[in-house]
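Close look at the chain arrangement
So the chains spell out like this:
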Amino acid sequence: MALASADSQPPGGPYCARERLHEFMQEQVAERKALHAAGDIRADVFTLMVEANQDESNKYQLDDAELIGNVFLLMLAGHETTANSLAVTLMYMSLHQDIQNEVVEQIMSVVGPDRDPDYDDHSKLDKVLSIFYEAIRMMPPAHAVVREATQDTVLTAQNPVGEEGTQTIPIPKGTHVFLDMVGVHYNPRYFKDPEMYMPSRWYGLPADTEQIAAFSVGPRACLGRKFATAEATCFLTLLLRDWQVLPGLRAGETKEAWGARVLNNTRTGLTLTVADFPVKLARRRRV
Ligand code: HEM
């Protein structure tokens, strides 16, 4: 089946969006190349990729299509996942005021009321990271990871919870294996009371713990994990320190009914998340 070209598509459709995004990225690349040529060399990943594109002596020189492809991947993988994970974290914070208070206590003792958090604070703000990790355990944005077997192999899997022993599953070469991240994260073998939002299960664990599968593990695991966790810790620290996040209730609605309304309205597109939901932000009063 041939892919339809953008010209044959109605204006405003997905092909049109793809073309516009492509144009935007090409403009950005041209702008960055011009800055670079003029001696304005910035210390960021985008500049490194532009350099890899221009350096003809580099054995691994990126061609133009690879450069645009990598810009696109970083934009998509980096934005959509983090934005949705932060939204889900705020949804759980609205529902669990006791946990929110506990986290704010840690923020105040580590960072205090006025200064910005810095990288050294990251490891001391484990409760902030834990509310994020628990949110992506319950709603992993990358809800499925697909792999293709490059050779015949056999997987050994434990029997279902409650049954002893293991079973072997032959995987012929070329098979696509679909890893269900939601299933892994709700497996009682690995997580006690998996249906409960319980950030304390992550307290004290290192930020790069492999107990969370949301970033995948192994050589093709998420390249942006450190960036995402530092960004989330920083954002949540600054937001929760100054603002109490509350559910935006309809007249007569209870917090529990609000929670059920939001959680019953999940969206599974490129990422798994909840649809837009109302919250209220109340400025915290300091004594
Ligand atoms: C909560 C945030 C994030 C989650 C849950 C997440 C999750 C994942 C997962 C599960 C994979 C593996 C996909 C696969 O194997 O098929 C992946 C790959 C990747 N992620 Fe993330 N990601 C997040 C944030 C980011 C950010 C902020 C960036 C970049 C700034 C990023 C860049 C990438 C890249 C480049 C890959 C491909 C790595 C490769 O194929 O070797 N991610 N991510």
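For the structure itself, consult the block above.
Given the structure is predicted, the values throughout are model-derived calculations rather than measurements.

Reading the values: rules and limits
- Residues numbered from 1 in each chain as written.
- Predicted model: local features only at pLDDT ≥ 70, side-chain atom pairs only at ≥ 80, totals over all residues.
- Heavy atoms only, no water.
- Helix = DSSP H or I, 4+ residues; strand = E, 2+ residues; numbered from the N terminus.
- Buried < 20%, exposed > 50% of the residue type's maximum accessible area, 1.4 Å probe, protein only.
- Contact = heavy atoms within 4.5 Å.
- Patch = residues over 30% accessible without salt bridge, like charges linked within 9 Å, V, L, I, M, F, W, Y side chains within 5 Å.
- Areas by Shrake-Rupley, 256 points an atom, 1.4 Å probe, with all protein chains shown as cover.
- Salt bridge = Lys/Arg side-chain N within 4 Å of Asp/Glu carboxyl O.
- Donors = N, O, S within 2.8 Å, 3.2 Å for Na, K, Ca; no water.
- Axes fitted to C-alpha atoms, helices over the stretch in contact; angles between N-to-C directions.
- Parallel < 35°, antiparallel > 145°, perpendicular 65-115°, else oblique.
- Left-handed = near helix turned anticlockwise from the far one by under 90°.
- Nonpolar A, V, L, I, M, F, W, Y, C, P; charged D, E, K, R; others polar.
- Near = heavy atom within 4 Å.
- Polar contact = N/O pair within 3.5 Å; in protein donor to acceptor, adjacent residues only side chain to side chain.
- Core = buried A, V, L, I, M, F, W, Y, C linked by side-chain atoms within 4.5 Å.

Turning to the overall build of the protein chain, a few remarks are in order. Tallying secondary structure elements over the protein chain gives 8 helices and 8 strands in all. With the principal axes as the frame, the protein chain shows a C-alpha extent of 60 × 55 × 45 Å. Every one of the 287 residues in the protein chain was classed for burial, and the buried ones make up 34%. At a minimum sequence separation of 6, the contacts of the protein chain that also span at least 24 residues come to 64%.

What follows deals with a nonpolar patch on the surface. Residues Phe72, Leu76 and Leu270 make up a contiguous nonpolar surface patch of roughly 270 Å² in combined accessible area. Here Phe72 lies in helix α3 (residues 64-95).

There is one protein donor for the iron atom of the ligand, namely Cys222 (SG), at 2.3 Å. In this structure, Cys222 sits in the loop between α6 (181-185) and α7 (225-242).

Let us look at the pattern of salt bridges. Taken as a whole and judged by the stated rule, the model has 12 salt bridges. Salt-bridge contacts for Glu134 lead to Arg137; the nearest nitrogen and oxygen are separated by 2.9 Å. With a gap of 3 residues between them, Glu134 and Arg137 both fall in helix α5 (residues 126-138), about one helical turn apart. Among the residues examined, Glu134 registers a relative accessible area of 0% and is labelled buried. Note on Arg137: relative accessible area 0%, which makes it buried. Between Glu253 and Arg261 there is a salt bridge whose closest N-O contact spans 2.8 Å.

It is at 9 Å that the axes of α5 and α7 come closest, and there the two elements cross at 115 degrees. As summarised for this structure, α5 and α7 are arranged roughly perpendicular, according to the angle between their axes. Between α5 and α7 lies a crossing of right-handed hand. Contacts from Val128, Leu129, Ile131, Phe132 and Tyr133 of α5 reach α7 at Arg225, Thr229, Ala232, Thr233, Leu236, Thr237 and Leu240. Of the residues in the contact of α5 with α7, the class split is 8 nonpolar, 3 polar and 1 charged.

With that settled, consider the site of the ligand. Surveying the vicinity of the ligand reveals 22 residues, the closest of which are Ser85, Arg147, Ala214, Arg220 and Cys222. Residue Arg147 places a side-chain N or O atom 2.7 Å away from an oxygen atom belonging to the ligand. Within the side chain of Arg220, a nitrogen or oxygen atom sits 2.8 Å from an oxygen atom of the ligand. Elements supplying a minimum of two residues to the shell around the ligand: α3, β1 (144-148) and α7. Here the shell around the ligand gets 7 residues from one element, more than from any other, and that element is α3. For the shell around the ligand, the class distribution of residues is 14 nonpolar, 6 polar and 2 charged.

The subject of this paragraph is the nonpolar core. Within the largest apolar cluster, 39 residues are counted, with the highest numbers of intra-cluster contacts made by Met91, Ile131, Phe132, Tyr133, Tyr197, Leu236 and Leu240. Residue assignment for this core shows that the elements contributing at least two residues are α3, α4 (97-110), α5, α7, α8 (255-263) and β7 (272-274). Among the nonpolar cores identified, the runner-up in size contains 10 residues, and Met25, Val29, Phe46 and Val50 belong to it.

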